[in-house]
Amino acid sequence: MLSQDENLWYKDAIIYQLHVRTFCDSNADGIGDFRGLTSKLDYLQELGINALWLLPFYPSPLRDDGYDIADYTSVHPSYGSLQDFKDFLAAAHDRRIRVITEMVVNHTSDQHPWFQEARSSRENPKRDWYVWSETDTRYQGVRIIFLDTEMSNWAWDPISKSYYWHRFFNHQPDLNYDNPAVREAMWEVMKFWFDIGVDGFRLDAVPYLIERDGTSCENLPETHDIIRKFRKRIDEAYPGKMLLAEANQWPADVSAYFGNGDEFHMAFHFPLMPRMFMAVKLEDRKPIIEILEQTPQIPETCQWCIFLRNHDELTLEMVTDVERDYMYDEYAVDKAMRINLGIRRRLAPMMENDRRRVELLTGLLLSMPGTPIIYYGDEIGMGDNIYLGDRNGVRTPMQWNGGWNAGFSAADPERLYSPLISNAVYGYQAINVDSQRRSAHSLLSWTKSVIQTRNQFRVFSRGSIEFLNPSNHRVLAYVRRLGDEKMLIVNNLSSSAQAVELNLQMYKRHIPIEMFGRNLFPRIGDLPYLLTLGPYQFYWFRLRRI
Amino acid sequence: MAEESFLADDFLRQLMSVGEVDLLVGIPSYNNASTLEQTLQSVDACLRQDFVRERAAILNVDGGSTDETTKVFEQSSERKGPSHKGLTSLRTIHRISCQYDKSPSQGWALRNIVAAADLLRARACAVISPTTANVTPSWVANLVRPVYREGLDFVAPLYARSRFQGLLARDLLYPMSRAVFGQRIRELYADEWGFSGRLASQCLERNVWHEEAVRARPQAWMAITAIGGGLKCGQYFLGPKGAAPAGTGPDIVEAIRQTVGNFFWCMETNQAYWLSRSNSQPVSTFGPDHELSPDGIPPSPEKIFELFRSGVTELEPILASILAPDTHAQIKAIALSDRTKFHFAVELWVKTLYEFAASYHHTVLNRDHLVQALVPLYRGRLYSFLLEHANSSGEEMEAQSEILCQEFERQKPYLVERWTAKS
Amino acid sequence: MKEVIIEGLRQAYSNLVRMFAEFLPRLLVMLVIVLIGLLVAYLLKMMLRAVLHVPRLDRLSEEAGASRFLRMAALPSMTELLSRSLFWVTWSGFILIGISVLGVAGLQEQISRLFLLLPAIFVAILILFLGLVTANFLSRAALLAAVNAGYPSPKLLSWSIRFVIWALAVSMALEQVGVARQTVLAAFSIVFGAFMFGLAIAFGFGGRELAREFLERNLTEKKREKHEEPQPL
């Protein structure tokens, strides 16, 4: 029986996101696999993360990087077998690393047997498992998500001579959640993986489960109802398992997915992410403060997931046009960097390989409220390749060393699932795990130590946040608090040195202890506390009252 | 011993927090609680709409208001919509306030504004008056944009006037400044204008802030500093000039004392520049073409003529010491003429003004008194103008105005001769 | 008898010659003193001029506005004024000393009295000068203000102010030098009082309307009546 605290493990998690295909290839076929991943678990344990989020590894025609699933209860042969997965899972759990996998609930691949059956004839029992229509005019006005490739949310099926609904690519027909059979089938899938030992699911594209005429077909009450029912069953049968929502919406709309603590455990805070990038470019804390002020309170057992980058484009859906234009002009001047209202670049290139800025953003990620997610490769400052199609530029092989295929695979370089990054700045000869491991001052070593520091204090994962708003707008300062534990975090968002006076009246007589060097700073007195920061510098102070 | 700084500690601290800006909008105030909010909203809206990415600050310089002016400024902060999605603006729009402890005047307020512009390294600045009732966001944008984007150093406003509005500017200040300084800037004494950070820094260095002439009307001095320094000037059409509420705004005597006094002082301190120049050049003008609007009832001028006539009589000894004998004689002659046939010729008017300017230079009597002695003569000219143009269209009046300007330019050598004569 | 007269004449003639002979050296001494005084005064004037050039007194007095007064009073520049004043004061002093050497009875006493009066005379001249300048300035200011505001009888107002200040200055100057102190004081009080009384009556009875208008315009917030003059700016 798990304790209450164990049930809330996701609050204290530091999640590392990767696709098994990109990490390590054990059988020299040029594609990463579970055995390879298993061999790298020590590295991940050393890094200090305690949860892994794996992108879809199911059998799939791979026309949407695995999000078009053709079989929910198996493993794509390129990545290994189901047994390989089980072995990996056991090894991860041995190292106290939990595993979160994808559950693409909204749609399947058109190669999935369910769809093959559904389209075969109108009388097929699985016909009603998908959303069909005689015309393409139902659900008018609903927005198209993949703007660059799709013209409509309806696609014509030449076999059954009717239209089917798809919010994503046309080869990903939406499942019909009004059909209890579909819900039951999904539950069976979840059970399958929970029984194997998976610790949680990221439910992909949850806002779009249900369609109704005259609505935006997003975030409908029926969708929440379905989630609630799933959650209830999970809590009863699999306590301690976690559901993470992927809902790219405004905070007020996303927080609905927490319900009263009876829907999702976690959800991504999408709108915060571009604003962290914006704040650094603008050298102004305003974007961050404003979006967090607009973020409603969530139930005690729930948690936001925060992140800097992920496998998708840096989405600019939840920003105003002005903000989007600004982000494009500052971070994606080359139009090749843009896709689907977003920017398909990695963290380090976006920061122009400025180590200080990378550290600043990582520091923000690890000190703001929420469970942080680190995208694979960002801990060593990997680069991207914007000339690969779709969003594959940020999904290149992990760079382990400066040798053959960056240590990713023993296969011929031409056989790799994706070319390596090989330019002089971000290439694997310059940026790789081995060389950074040798230096105590590399980005990797730094990231490790910051994660280690964070892991020592629960205040980061569970504490409240109170913004100090000093008159210098280039400094973002806040206090994290959990019981008696208080952390003062001060970040200089600008490229020039700054002085800031903080009103710390509430913490009078406390002694700030700088957490990376463990040095004492002058005690807080009656006057405003003066700090000076170098460009992009930040402080984590533990406020101790002795 | 170091000179005492005029920047208060609190003001300096606020500037430090802001750091650096691209745009600075200064609002000098004195007991403007009723109108300040409106002005702030217009400025704020302009910055949010037209200068989305620029770093901006709004500075309120208060002359010691006894009403709620400073409170209004403090409380006016960004307003968010009820359930707002996304940011209200990309950047923080800073608000800075300061007070100066001298008697309220535009000059002291401007000193603080240029100091802020210099310390904040602002590229473009504007001064907006809280007393102008019809300021819109586009006004602010039109004053700032030519400085920020086109590289001008001084931008004066252009107003759509009605026929009988702003006659002091149209019949005296503009033609005279055009002839003397060679730049055709129509509104040198407006309440709102734009300028560059570069010009602000230059003005800050000049130690003229204690001069009465600069304190009352610093904007023309700023423009003339720009002209004298070879910086680029321009003007932008804003819209109709709102009429000041009845009973407010300077009366004719005060207006002449401030503007003409200031102008003569500028002539005095910049003589090295203008003595050798002739002709005038147009300046960059932005905005649509516009004319004098035909509305505006000509005011009844009888009293004006009476004041002119009595002024000429009562001030005879004073005028005798200022004007050349034949000019004085001509003026005395027309003062005796029939009111209905009265005509103050353009040539005589120009000659009169130039003789006043030269006498100012030679300090034939106290300078403020000299400027005040001009008031009855201006009234005479005004009366003549109103009589002549009672039924004129805007176009006709503009044409006459151009003739007046050319007369000023034609007689400039006479001014130079009187100015440089031994006293 | 003839011999007595001739003797008397001869006696008187020799007395005269003797007096003249006694006077002549004194006269010579006086002339010498005066000449020396001229030289000394001239030297002092040149020295003071040189000394005052160092702090650039003329420039300072220009900035203080004093030079304007001097120009208007048709006086030379400050440096020149002070230097010349020193010259005349010094030479006057030497002349007075020279005269005292002459030994003319009674003159000595008068001369010392004059010496004692010099500071007072100087102050009195200063008061008159300041009074003149102030009277000119204020009366002109009043004249201009009244003319421009359209008040009736501006010249009367201006002249009244000039008279009052001038009368005050003259009284103060005379009092300073001690000339008929009581008389001057009484006369001034009477004239000034009468003048003020007259003004009060004029204002009170004859100038009711004007007084009301004046007070209304300046003490209440009443809006200016629909003005005849258009908005100047």
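Residues numbered from 1 in each chain as written. Chains lettered and ligands numbered in written order. Predicted model: local features only at pLDDT ≥ 70, side-chain atom pairs only at ≥ 80, totals over all residues.

### A few points about the overall build of chain A
- In terms of helices and strands, chain A carries 17 helices and 21 strands.
- For chain A, whose C-alpha radius of gyration is 24 Å, the value lies close to the compact-globule estimate of 24 Å for 546 residues.
- Across its three principal axes, chain A shows a C-alpha extent of roughly 80 × 55 × 50 Å.
- Within chain A, buried positions represent 51% of all 546 residues. (Helix = DSSP H or I, 4+ residues; strand = E, 2+ residues; numbered from the N terminus. Rg over C-alpha atoms; globule rule 2.2 N^0.38 Å. Buried ≥ 20, exposed ≤ 12 C-beta atoms within 10 Å, placed from the backbone.)

### Brief notes about the overall build of chain B
- The secondary structure content of chain B amounts to 18 helices and eight strands.
- Compactness check: chain B gives a C-alpha radius of gyration of 22 Å against a globular reference of 22 Å for 423 residues, within 12% of the reference.
- With the C-alpha coordinates of chain B rotated into their principal frame, the extents come out at 75 × 55 × 40 Å.
- Here chain B holds 423 residues, and 51% of them are scored as buried.

### What about the interface of chain A and chain B?
- If you look at the interface, chain A gives 17 residues, while chain B gives 14 residues.
- Contributing elements (two or more residues each) for the side of chain A that touches chain B: helix 11 (286–293) and helix 12 (321–331) of chain A.
- Residue composition of the side of chain A that touches chain B, by class: seven nonpolar, five polar and five charged. (Contact = placed C-beta atoms within 7 Å. Nonpolar A, V, L, I, M, F, W, Y, C, P; charged D, E, K, R; others polar.)

### Overview of helix 5 (residues 82–94) of chain A
All names here are of chain A.
- Taking 1.5 Å per residue as the helical rise, helix 5 with its 13 residues ought to reach 18 Å, and the 18 Å between its terminal C-alpha atoms agrees with that figure.
- Of all the positions in helix 5, only Phe85, Phe88, Leu89 and Ala92 are classed as buried. Angularly, the buried residues of helix 5 cover 100 degrees about the axis, an arc narrow enough to put them on a single face. Opposite the buried face of helix 5, at more than 90 degrees from it, the exposed residues are Gln83, Ala90 and Asp94. (Expected span 1.5 Å × (residues − 1). Arc of directions from axis to C-beta.)

### Focus: the environment of Val350 of chain B
- Tracing the backbone shows Val350 of chain B in helix 15 (residues 346–361).
- Those residues within four positions of Val350 of chain B in sequence are excluded, and the remaining contacts are Glu407, Phe408 and Gln411 of chain B.

### Notes on the domain arrangement of chain A
Residues and elements named next belong to chain A.
- Considered domain by domain, chain A is made up of domain 1 (4–106 + 180–455), domain 2 (113–165) and domain 3 (463–544).
- In this structure, domain 1 and domain 3 have C-alpha centres spaced 30 Å apart.
- Listing elements by their share of the side of domain 1 that touches domain 3, those giving two or more residues are helix 10 (272–282), helix 11 and helix 14 (355–367).
- When residues of the side of domain 1 that touches domain 3 are assigned to their parent elements, the largest contribution, six residues, is made by helix 14.
- Classifying every residue of the side of domain 1 that touches domain 3 by side-chain character gives seven nonpolar, three polar and six charged. (Domains from an automatic or database assignment.)

### Details of the arrangement of the chains
- Counting contacts across all two pairs of chains that touch, the top pair turns out to be chains B and C.
- Of all C-alpha pairs spanning chain A and chain C, none lies closer than 40 Å, and the two are not in contact.

### Here we look at the sheet that holds strand 4 (residues 124–127) of chain B
Residue and element names in this part refer to chain B.
- Within the open sheet, the eight strands sit side by side as 3-2-1-4-6-5-7-8. Their pairing is mixed. The open sheet has two edge strands, strand 3 (93–99) and strand 8 (284–286), and neither has a second partner. Here the average twist between neighbouring strands, direction ignored, is 20 degrees.
- This element, helix 1 (residues 9–18), spans strand 2 (56–62) and strand 3 of the sheet and lies at about 165 degrees to strand 3. (Pairing = 2+ DSSP bridges. Axes fitted to C-alpha atoms, helices over the stretch in contact; angles between N-to-C directions.)

### Digging into unusual backbone geometry
- Positioned with a positive phi, Ala406 of chain A is a non-glycine residue whose angle comes to about 60 degrees.
- Relative to the helices and strands, Ala406 of chain A is located in the loop between strand 13 (371–375) and helix 15 (433–437).
- In this model, Asn31 of chain B sits at a positive phi of 55 degrees, which is unusual for a non-glycine residue.

### Topic: the domain arrangement of chain B
Residues and elements named next belong to chain B.
- Partitioning chain B into structural domains gives domain 1 (9–286) and domain 2 (302–420).
- Every element with two or more residues in the side of domain 1 that touches domain 2 is listed here: helix 6 (167–181) and helix 10 (252–269).
- Ranked by the residues each element gives to the side of domain 1 that touches domain 2, the list is headed by helix 10, at nine residues.
- Of the residues that constitute the side of domain 1 that touches domain 2, the class distribution is twelve nonpolar, four polar and six charged.

### Details of the pairing of strand 16 (residues 485–492) of chain A
All names here are of chain A.
- For strand 16, the tally of buried residues reaches seven of eight residues, placing the bulk of the element in the interior.
- Bridging between strand 15 (residues 475–482) and strand 16 involves eight bridges; their strand directions are antiparallel. From the neighbouring strand, Tyr478 faces strand 16, where its bridge partner is Ile489.
- In sequence, strand 15 turns back onto strand 16 through a hairpin of two residues, with Gly483 there showing a positive phi of about 60 degrees.
- Direction of pairing for strand 16 relative to strand 21 (residues 538–544): antiparallel, over a ladder of five bridges.

### Quick look at the nonpolar core
- Judged by nonpolar contacts, the single largest core of 160 residues is most densely connected at Leu244, Tyr257, Ala267 and Met276 of chain A.
- With eight residues, the single largest contributor to this core is helix 10 of chain A.
- Ignoring anything within four residues of it in the chain, the contact list for Met276 of chain A reads Ile288, Leu308, Leu361 and Leu364 of chain A.
- Core analysis: the second largest hydrophobic core is formed by 138 residues, Val144, Val253, Leu315 and Ala373 of chain B among them. (Core = buried A, V, L, I, M, F, W, Y, C linked by C-beta atoms within 7 Å.)

### Focus: the environment of Gln330 of chain B
- Within the secondary structure layout, Gln330 of chain B lies in helix 14 (residues 325–335).
- Once the C-alpha coordinates of Gln330 of chain B and Phe344 of chain B are considered, the two residues, 14 residues apart in sequence, prove to be 9.7 Å apart.

### So, the packing of helix 14 of chain A against helix 16 (residues 443–455) of chain A
All names here are of chain A.
- Put simply, helix 14 and helix 16 touch, their axes get as near as 11 Å, and they point 20 degrees apart. When the interaxial angle is binned, helix 14 and helix 16 end up roughly parallel. The two elements helix 14 and helix 16 cross, and the hand of that crossing is right-handed. Only Leu443, Trp446, Thr447, Val450, Ile451 and Arg454 of helix 16 make contact with helix 14, whose side of the interface consists of Arg355, Val358, Glu359, Thr362, Gly363 and Leu366.
- Among the residues forming the contact of helix 14 with helix 16, the class breakdown is six nonpolar, three polar and three charged. (Parallel < 35°, antiparallel > 145°, perpendicular 65-115°, else oblique. Left-handed = near helix turned anticlockwise from the far one by under 90°.)

### Here we look at the sheet that holds strand 6 (residues 162–165) of chain A
Residue and element names in this part refer to chain A.
- Reading across from one edge, 4-6-5 is the order of the three strands in this open sheet, with antiparallel pairing throughout. Unpaired on one side and paired on the other, strand 4 (132–133) and strand 5 (154–157) mark the two borders of the sheet.
- Bridge count for strand 4 against strand 6 is two bridges, and the pairing is antiparallel. The residue of strand 6 that forms the bridge with Trp132 is Tyr164.

### Topic: the confidence of the model for chain B
- Per-residue confidence for chain B gives a mean pLDDT of 89; residues scoring 70 or more make up 93%.
- Low confidence marks residues 80–84 of chain B, where pLDDT is under 50. Its contacts with residues over four positions away, or in another chain, come to three contacts. (pLDDT = per-residue confidence, 0-100.)

### Quick word on the packing of helix 10 of chain A against helix 11 of chain A
Residues and elements named next belong to chain A.
- Close contact between helix 10 and helix 11 brings their axes to 7 Å; oriented N to C, the two are set at 155 degrees. Classified by the interaxial angle, the pair formed by helix 10 and helix 11 is roughly antiparallel. Here Leu272, Arg275, Met276, Met278, Ala279 and Leu282 of helix 10 lie close against helix 11, whose contacting residues are Pro287, Ile288, Ile291 and Leu292.
- Grouping the amino acids of the contact of helix 10 with helix 11 by side-chain chemistry returns nine nonpolar, no polar and one charged.

### Focus on the environment of Gly36 of chain A
Residue and element names in this part refer to chain A.
- Mapping Gly36 onto the fold places it in helix 3 (residues 34–39).
- A C-alpha to C-alpha distance of 9.9 Å links Gly36 and Thr22, two positions 14 residues apart in sequence.
- In contact with Gly36, not counting residues within four places along its chain, are Phe23, Cys24, Asp25 and Ser26.

### What to know about helix 12 (residues 302–314) of chain B
- An ideal rise of 1.5 Å per residue puts 18 Å on 13 residues; helix 12 of chain B measures up with 18 Å between its terminal C-alpha atoms.
- Turning to helix 12 of chain B, its buried residues number three or more, namely Ile304, Phe305, Leu307, Phe308, Arg309, Ser310, Gly311 and Val312 of chain B.
- Buried residues along helix 12 of chain B sit in contact with helix 14 and helix 16 (367–388) of chain B together with helix 5 (107–149) of chain C.

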